[in-house]
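Residue strings, one per chain:
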Amino acid sequence: MEKVLKDKILLAHGSGGKLAHELVEGSFLKALSNPFLAKLDDSAVIDFSGRLAFTTDSYVVSPIFFPGGDIGKLAVFGTVNDLAMAGARPLYLSLSFIIEEGLAQSELNQVVNSIQQAAREAAVEVVTGDTKVVHRGSADKLFINTAGVGIIPEGVDVSGGNARPGDKVILSGAIGDHGIAVLSQREGLSFSTQLESDCAPLGGLVAEMLAASPNIHCLRDPTRGGLATSLNELAKQSKVSIRIEEEKIPVREEVLAACEMLGFDPLYVANEGKLVAIVPAGDAEKVLKVMRANRYGKSAAIIGEVKAEHPGRVVMKTCLGASRIVDMLVGDLLPRIC
Amino acid sequence: MKFITEFRRSELAEGLISQIHRRSKTPVRFMEFCGGHTVTIFRYGIRQVLPPTIDMVSGPGCPICVTANADLDKAIALSQIPDIIIATFGDMLKVPGSRSSLQEVKADGADVHTVYSTMDALKIAEDNPDKSVVFLGIGFETTAPTIAASILQAEEKGLGNYYVLSLHKLCPPVIRALLDSGEVKLDGLICPGHVSAIIGSRPWEFIAQDYGISCVVSGFEPLDILQSVDMLVAQIENRESKVEIAYRRGVRPEGNQQALKLMGQVFEPCPAEWRGMGEVPDSGLKLRKEYQHFDAELAFDIVPGPCYEPAGCICGEVLRGVKTPDDCKLFGKACTPQYPVGPCMVSSEGSCSAYYLYGEGFEG
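Nothing here was measured: the structure is a model prediction, and the numbers come from that model.

Conventions and cut-offs
Residues numbered from 1 in each chain as written. Chains lettered and ligands numbered in written order. Predicted model: local features only at pLDDT ≥ 70, side-chain atom pairs only at ≥ 80, totals over all residues. Helix = DSSP H or I, 4+ residues; strand = E, 2+ residues; numbered from the N terminus. Rg over C-alpha atoms; globule rule 2.2 N^0.38 Å. Buried ≥ 20, exposed ≤ 12 C-beta atoms within 10 Å, placed from the backbone. Pairing = 2+ DSSP bridges. Axes fitted to C-alpha atoms, helices over the stretch in contact; angles between N-to-C directions. Contact = placed C-beta atoms within 7 Å. Domains from an automatic or database assignment. Nonpolar A, V, L, I, M, F, W, Y, C, P; charged D, E, K, R; others polar. Core = buried A, V, L, I, M, F, W, Y, C linked by C-beta atoms within 7 Å.

Caption draft 1: A look at the overall build of chain B. Counting secondary structure elements, chain B contains 16 helices and eleven strands. Relative to a compact globule of 364 residues, whose C-alpha radius of gyration would be 21 Å, chain B shows 21 Å and is just as compact. Each of the three principal axes of chain B carries a C-alpha extent, and together these read 65 × 45 × 40 Å. Put simply, chain B has 364 residues, and 54% of those count as buried.

As structure tokens, then:
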């Protein structure tokens, strides 16, 4: 009985008392320790110089473990990627856990260990954090809120509003893996697939791309809403149109098959380790070359270009040579995939 | 063989497209019955690549779209009865009835579960013995056998809390009704692929024989549709009208006997109300007497309230193929996928949604 109790997170773990300290020291500090976190002060105090990129995100994925990742890895990589999409070098994260009472301590530890590995791979440190435990039913196992900061190198100006007519659109790899991998584990919807989430940190890839061309205009990671939604956002922010070619967009056969079965369009399925770059035409080939040399950009491809007419539109040339509009996602395609 | 990418290859498409251009001399009008085909046609821009001799119109083959408002109201009314769990395919959630949608009543606390198969609905019934689970049986011959199977399983397991609201529709009778109305003149029909996988190609013979209309059963990839159009053109230029199967990897002339047997065991034909077409004889399915204890309409006192059709919506005419979505004053203005007025803008297989999402006629 005692063992069972010990393996469960209780409301008392969020009380600020002894159990809370046990949790912080036993789970979080043990795995994530660094000089900032070890001080256990109310704030992390950091010296900075340069332009700061600052982002926040929340993770509510269900299930919390899925092929190729878990909520912890997703939280670290997702936050790091948001920083990287501003052209920043990701440095520090905050993590805030909202835990449903009854979560197994072992599951929490598994998530924290995964956070440790992910932070190491992404070369970031978790410098501050918080834990709350809520009544059963008030959360679904575990929610993680993050913030992240990074430094933007001199001369880099990446923004969704920077796309210019004539620019090329580069996609870093096959789309839809994450959304379909998570969905395949859903209760009531398990279908068997070898597919794993593409969940990956893109800070290194972005640094190499910016080293090859500091003139990169836009970067975006097509997470929820998929590639179609990211391209629509960029077209609207930059007041340009984006024309893509269906046949140039890499999609795995398994993803296509699952999409057919479920009635989805892979253009709208989430990714967690992919990016879209909008690059001046003259620099496109050299950016593509460094991307393909990076493990997270091996199947990168130029998928289209930016045009002046019909601002705000995304148009796709289909495999039949016809063209059609690619609209933003309407409503909810896949609930809680990140 | 790769079953998807092989059927999207541009060099094969190019060959088919130029063959269609070469062969097609007579001006013709083809209807694709099925909403799934409509989506493929718009998603890949098939109308743009066909010669001007071929006029394509979309038909009523979207089960969500043809569900009458009165039936939607019944489903919504059921969700308001205490201790009822509604289990439904996701597409139904957003469809507006006379006053609200399942999505809205769900937000207000109704217990509505989205399921991907009837077996999920059975599981919900097993897991919640103190509640009643009503599965919304919406669909054509494609889904009816799986719902029949769930009823047989419920019977076998002695599940007393599983019910079906049977709003199923049958395709051949509605095509006959459409042709008899004389409103739309057709030279060729692209027959539904998944429906034919169940019923076979023989139930379409009357269209070729009685109405002289060429028929081809098609699959859902762009090459499937192009091949079907090419076969229709060939029939017409040869002055033939017969039923052919282009979708040989999915359809046999005799259909799926096992599925048909299940369907026949549990259901029997009945008149059904179609949006835009009114009541069509023998075009619906009701539970046979032996299985009536699974019938939600008999088990519960459903009070749907008065039924209204949305003002200005022409979904009915769009479904009959006599108008196109851009003939509608509401299209793209008062009626969009975010704020749909009629079901054809909601359903992923609806013509209005396909027009809107893929920008038919967008020259850019």
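Caption draft 2: Structural view of the pairing of strand S10 (residues 267-274) of chain B. Residue and element names in this part refer to chain B. Bridging between S10 and strand S11 (residues 278-287) involves seven bridges; their strand directions are antiparallel. What sits directly across from Glu268, in S11, is Lys286. Connecting S10 to the antiparallel partner S11 that follows it, the hairpin turn spans three residues, and Gly276 within it adopts a positive phi of roughly 85 degrees.

Caption draft 3: Inspection of the sheet that holds strand S12 (residues 314-317) of chain A at higher detail. Residues and elements named next belong to chain A. Spatial strand order, S8-S10-S7-S11-S9-S12-S13: seven strands in an open sheet with mixed pairing. Taken across any chain shown, the strands that pair with only one partner, and hence form the sheet edges, are strand S8 (218-220) and strand S13 (323-325). The mean inter-strand angle of the sheet, taken between neighbouring strand axes irrespective of direction, is 25 degrees. By the bridge criterion, four bridges tie strand S9 (residues 241-245) to strand S11 (residues 301-307) in an arrangement that is antiparallel. Across the sheet, Ile242 pairs through a bridge with Val306, a residue of S11. Relative to the sheet, helix H10 (residues 281-293) contacts strand S7 (168-171), strand S10 (276-279) and S11, its axis offset from that of S7 by approximately 10 degrees.

Caption draft 4: Region of the structure containing the domain arrangement of chain A. Residue and element names in this part refer to chain A. Domain boundaries in chain A define domain 1 (2-152) and domain 2 (168-325). A C-alpha centroid distance of 28 Å is found between domain 1 and domain 2. In this complex, domain 1 contributes 20 residues to the contact, which on the side of domain 2 involves 20 residues. Among the elements of the structure, helix H4 (71-84), strand S4 (89-100) and helix H5 (105-122) are those that each provide at least two residues to the side of domain 1 that touches domain 2. For the side of domain 1 that touches domain 2, the residue count by class is twelve nonpolar, five polar and three charged.

Caption draft 5: Quick peek at helix H5 (residues 69-79) of chain B. Here H5(B) lies mainly inside the structure; nine of its eleven residues are buried. Restricting attention to buried positions, one finds in H5(B) the residues B:Asn69, B:Asp71, B:Leu72, B:Asp73, B:Lys74, B:Ala75, B:Ile76, B:Leu78 and B:Ser79.

Caption draft 6: Main features of the nonpolar core. B:Ile86, B:Ala87, B:Val133, B:Val134, B:Ala148, B:Leu189 and B:Val229 are the most contacted members of the largest nonpolar core, which has 124 residues in total. Ranked by residues supplied to this core, first place goes to helix H12 (residues 222-237) of chain B with eight residues. The contacts of B:Val229, once residues within four sequence positions are left out, are B:Ile20, B:Phe30, B:Leu50 and B:Ile54. Membership of the second largest hydrophobic core comes to 97 residues, among which are A:Leu32, A:Ile244, A:Ala258 and A:Ala270.

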